[in-house]
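Coordinate inspection notes
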Amino acid sequence: MGENKESTSTSLSQGLTRHHESDPDDIPKSPPSSPNSSTRKACYAVLQSWVSKKFMTGCVVLFPVAVTFLLTWWFIQFVDGFFSPIYAKLGIDIFGLGFITSLLFIFFVGVFASSWMGATVFWIGEWFIKRMPFMKHIYSASKQISSAVSPDQNTTAFKEVAIIRHPRHGEYAFGFITSSVVLQRDDGDEELCSVYVPTNHLYIGDIFLVNSDEIIRPNLSIREGIEIIVSVGMTMPQLISSIQRNPHHSIRIPMNRII
């Protein structure tokens, strides 16, 4: 009896399988895509592209504003922190008072340093700092950078902005002339200029001794040269004129050739 039931169920399943194989029309099919569905997908893609583009435009516009605001706010808090603890001990809690006091302090230090007595005091302080093993290197490097943007333009500042051919022919590098030296050789003396080429922002770089005749001296001030270095070339003018021995000569240097 059990064997008959098993054979009956097996025959039944085989018959159903043959029925499905013989009737392919009975298999359910996915409905064809309608024109309205394709239109919706195209509209969605256009809308997504438009939203992404406007979002990126907003980021591009707000990024420099946000960076400027954050750096300005950090600078105000940093400078305000010099004198605000003193006012806090006196019971005076006015935001910005320490910042104003710091600016006045810096101004009066500049006035004092410009006088004969102030220059003497700072010279004595430099004499002690330059005798310290580690601090003299930090002080000398930081003073070189601050002297480059000093309105006095003393002898320790960058002399000129220079463009030298480096590292290979057809490529150029921005630098600053810091000093000059005469190289004595058997076939005659050669005037060389010490050119400082920043390689990591402004405070780290290489020193090159270049023949003075091979240096391109552009019509850029020291501050303009520093702005070009700090802004990674974004403030680069489209036309640079050379003022070396031929003031009417202009050179066009491609941006991808300057490192």
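What comes next concerns the included structure. (Residues numbered from 1 in each chain as written. Predicted model: local features only at pLDDT ≥ 70, side-chain atom pairs only at ≥ 80, totals over all residues. Heavy atoms only, no water.)

This part takes up the packing of aromatic side chains. With the rule as written, the count across this model stands at seven aromatic pairs. Each ring, one from F78 and one from F82, has its centre 5.2 Å from the other, and the planes form 80°; the classification is edge-to-face. Of this pair, F78 and F82 both sit in helix α2 (residues 35-89), four residues apart, which is roughly one turn of that helix. Ring centres 6.5 Å apart and planes at 55° place the aromatic pair F112 and F122 in the tilted group. Highlighted residues: F112 in helix α3 (residues 97-114) and F122 in helix α4 (residues 116-129), separated in sequence by ten residues. Given a relative accessible area of 38%, F122 falls into the partly exposed group. (Phe/Tyr/Trp six-rings, centres within 6.5 Å; stacked < 30°, edge-to-face > 60°. Helix = DSSP H or I, 4+ residues; strand = E, 2+ residues; numbered from the N terminus. Buried < 20%, exposed > 50% of the residue type's maximum accessible area, 1.4 Å probe, protein only.)

Let us now look at α3. One turn of an α-helix holds 3.6 residues; hence residues three or four places apart share an orientation. Between its first and last C-alpha atoms α3 spans 26 Å; for 18 residues at 1.5 Å apiece the expected length is 26 Å, and the two agree. Buried within α3 are the following residues: G98, F99, T101 and S102. Across the axial projection of α3, the buried residues extend over an arc of 160°, all falling on one side. Opposite the buried face of α3, by more than 90 degrees, sit the exposed residues F107, F108 and S114. (Expected span 1.5 Å × (residues − 1). Arc of directions from axis to C-beta.)

Our focus in this paragraph is the pairing of strand β1 (residues 160-165). Strand residues, when the strand is regular, have side chains that alternate between the two faces of the sheet. As paired strands, β1 and strand β2 (residues 172-185) are joined by six bridges and run antiparallel to one another. The residue bridging I164 from the neighbouring strand is A173, located in β2. (Pairing = 2+ DSSP bridges.)

Take the pattern of salt bridges next. In the structure shown here, the tally under the stated rule is three salt bridges. Between E160 and R217 there is a salt bridge, with the nearest N and O atoms lying 3.3 Å from each other. Of this pair, E160 sits in strand β1 while R217 is found in the loop between β4 (204-211) and α6 (222-230), placing the two residues 57 residues apart along the sequence. Residue class for E160 comes out partly exposed when judged on its relative accessible area of 30%. The class for R217 is buried, based on a relative accessible area of 15%. One salt bridge in this structure joins D187 and R185, with 3.4 Å as the shortest N-O distance. Judged by its relative accessible area of 43%, R185 is partly exposed. (Salt bridge = Lys/Arg side-chain N within 4 Å of Asp/Glu carboxyl O.)

This paragraph deals with α6. Buried residues of α6: I222, G225, I226, I228 and I229, and no others. Projected down its long axis, α6 carries its buried residues within an arc of 155°, all on one side. Looking one or two residues past α6, V232 carries a phi angle of roughly 50°, positive in sign.

At a minimum axis separation of 4 Å, α3 and α4 run at an interaxial angle of 95°. Considering their axes alone, α3 and α4 lie roughly perpendicular with respect to each other. Where α3 abuts α4, its residues V109, F112, A113 and S114 lie against W116, M117, G118, A119, V121 and F122. In terms of residue class, the contact of α3 with α4 is built from eight nonpolar, two polar and no charged. (Axes fitted to C-alpha atoms, helices over the stretch in contact; angles between N-to-C directions. Parallel < 35°, antiparallel > 145°, perpendicular 65-115°, else oblique. Contact = heavy atoms within 4.5 Å. Nonpolar A, V, L, I, M, F, W, Y, C, P; charged D, E, K, R; others polar.)

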